[in-house]
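# Working through the structure, step by step
So the chains spell out like this:
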Amino acid sequence: MAEIETLFTRAKLADGSLNDIGVAGGRIVAIAPAGALAGAALQVDIAGALLVPAFVEGHIHLDTSFYGDKWIPHKPCTNGFDVHERVAFQAQNMASAAPMDERARKQLELCVSNGSLQMRSHVMVDDSVGLKSLETILGIREEYCDIIDIQLVAFPQSGILKSPGTPELLDEAVALGADLVGGLDPASFDRDIDGHLDVVFGVAEKRGVGVDIHLHDFGSLGAFTVEEICARTVALGLQGKVAISHAYGLGDLDADAARRIGAKIAAAGVSIMTNAPGDHVFPPVALLRAEGVNVFAGNDNIRDSWWPYGDGDMLARAMMIGYRSGFYTDEELTAAFDVVTSAGAKALGLEGYGIAIGARADFVTLAAEHVPEAVVAVPKGRRVFKAGRLVAENGALVR
Ligand SMILES: [Zn+2]
């Protein structure tokens, strides 16, 4: 056993046991019943609080949030929800917003202070902004690299085939530092599922990166697109490296059809991201998990041109997912928690995640008896540790 540098005492783990946790070199090197470990120069008393792995923010937009900026009233679409119109509203709002780096910092600090230490952010890449947004967010990622790990998705917010030069920009974005290639409604936005996916999976194959596609299409169109993405994932051997964000169409299917497509998604190793959004259908979380699908979550938009909600708290997101899914039993509440922790880690392909010997010492303390209570109570007053170092307390960063 490596020599313990920091000893966290009296930490309650998810199984209810009270333990001491030894950390060295940013990793957990020992877990033993409270009082059994000694000798570390530095001790941190967890005082019986629940200690859980840091949350995984699996889907956010660091470039387009107005959190911390002036309040921008939401403008409804003129004739029902229309992605094209929302993108146009976004461009108008962005023109008068505070500089992107300032807004991204505020959003990141909100997320870290709530306990997210791993994140996947989509960043807009299109013919209007080119790679400028990505360059800004790459700089922010570097600035915050000691307190949060960030994956970036090159996100074609204006479509791929309808936005001239975007196929090339997506490729350049990955060369510049984006970790994954994104997509957007291949059918309803570009009106060409194959043409759109040819570009997305072409870049993924060429650059050896994963894929995370926004798919808002409802009904059978959405479900059909899910099947197409799964087929391409299997054809390229990209199992475990592809995610579909939103996949609302899965919430429109009857249970038998949902189970059949769920089995296909699970077999293709494709993860499904949901934020349990407002007033419409979303993927059936319990049914998909029962079929073996990895369902993870994110805040998605926080105070941006799409909606005014979002608080950067993945525990609150677990509560919302549980609430909208009708999760009541301890088992179901624990599943909602898994969606914002372990399932997120799996979707992001994170190494060393969890509370275990050898894992990274990235954890959060919660004033709760156990995980089910944490999900319904969403306690604040958290302490957040990155690599065994306190980085946030009571909702604010510790510098
Ligand atoms: Zn999104």
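Residues numbered from 1 in each chain as written. Predicted model: local features only at pLDDT ≥ 70, side-chain atom pairs only at ≥ 80, totals over all residues. Heavy atoms only, no water.

### Overview of the pairing of strand E2 (residues 18-24)
Along E2, six of the seven residues are buried, which leaves the element largely enclosed by surrounding structure. The sheet contact formed by strand E1 (residues 6-12) and E2 spans five bridges and is antiparallel. In the sheet register, Phe8 faces E2, and the bridge partner there is Ile21. Counted between consecutive antiparallel strands, the loop separating E1 from E2 contains five residues, among which Gly16 sits at a positive phi close to 95°. For E2 and strand E3 (residues 27-33), the ladder comprises six bridges, and the chain directions are antiparallel. When the bridges of E3 are listed, Asn19 appears paired with Pro33. The antiparallel hairpin formed by E2 and E3 contains two residues in its connecting segment, where Gly25 sits at a positive phi of about 60°. (Buried < 20%, exposed > 50% of the residue type's maximum accessible area, 1.4 Å probe, protein only. Helix = DSSP H or I, 4+ residues; strand = E, 2+ residues; numbered from the N terminus. Pairing = 2+ DSSP bridges.)

### Observations regarding the coordination of the zinc ion
For the zinc ion, the full set of protein donor atoms is His59 (NE2), His61 (NE2), His214 (NE2) and Asp300 (OD), at a range of 2.1 to 2.4 Å. Here the zinc ion is ringed by four donor atoms whose angles at the metal span 86 to 171°, and the overall shape comes out irregular. (Donors = N, O, S within 2.8 Å, 3.2 Å for Na, K, Ca; no water. Tetrahedral: all angles 85-135°; square planar, octahedral: opposite > 155°, others 65-115°.)

### Observations regarding the packing of aromatic side chains
Applying the stated criterion across every chain yields a total of six aromatic pairs. Note on Phe8 and Phe385: the rings are 5.1 Å apart at their centroids and 80° apart in plane angle, and the pair reads as edge-to-face. With Phe8 in strand E1 and Phe385 in strand E15 (residues 383-386), this pair connects stretches of sequence that are 377 residues apart. With relative accessibility at 2%, the residue Phe385 sits in the buried group. Judged by centre distance (6.2 Å) and plane angle (85°), the rings of Phe55 and Phe337 are edge-to-face. Of this pair, Phe55 sits in strand E6 (residues 55-60) while Phe337 is found in helix H10 (residues 330-340), placing the two residues 282 residues apart along the sequence. (Phe/Tyr/Trp six-rings, centres within 6.5 Å; stacked < 30°, edge-to-face > 60°.)

### What to know about the sheet that holds strand E13 (residues 295-297)
Here eight strands make up an open sheet; going across it, the order is E6-E7-E8-E9-E10-E11-E12-E13 and the pairing parallel. Edge positions in the open sheet fall to E6 and E13, since each of these has one partner strand only. Along the sheet, successive strands turn relative to each other by an average axial angle of 25°, direction set aside. Here four bridges tie E6 to strand E7 (residues 116-124), and the two strands are oriented parallel to one another. Looking at the pairing, Phe55 lines up with Ser116 of E7. On top of the sheet, helix H5 (residues 193-207) reaches strand E9 (180-184), strand E10 (210-215) and strand E11 (242-246); it is set at about 175° to E9, its chief contact. Contacting E6, E7, strand E12 (270-274) and E13, helix H9 (residues 314-325) crosses the sheet at an angle of about 75° to E6. (Axes fitted to C-alpha atoms, helices over the stretch in contact; angles between N-to-C directions. Contact = heavy atoms within 4.5 Å.)

### Comments concerning the packing of H5 against helix H6 (residues 219-235)
H6 packs onto H5 with a crossing angle of 35° between their chain directions and a minimal axis gap of 11 Å. Note on packing geometry: the crossing formed by H5 with H6 is right-handed. Residues Ile193, Asp194, Leu197, Asp198 and Phe201 of H5 lie in contact with H6, whose contacting residues are Phe224, Thr225, Glu228, Ile229, Arg232 and Thr233. The class makeup of the residues in the contact of H5 with H6 is five nonpolar, two polar and four charged. (Left-handed = near helix turned anticlockwise from the far one by under 90°. Nonpolar A, V, L, I, M, F, W, Y, C, P; charged D, E, K, R; others polar.)

### Things to note about the packing of H6 against helix H7 (residues 255-267)
Relative to each other, H6 and H7 sit at 25°, their axes nearing to 9 Å. Taken together, the axes of H6 and H7 are roughly parallel relative to one another. The two elements H6 and H7 cross, and the hand of that crossing is left-handed. On H7, the residues that touch Ala223, Val226, Glu227 and Cys230 of H6 are Ile261, Lys264 and Ile265. Of the residues that constitute the contact of H6 with H7, the class distribution is five nonpolar, no polar and two charged. (Parallel < 35°, antiparallel > 145°, perpendicular 65-115°, else oblique.)

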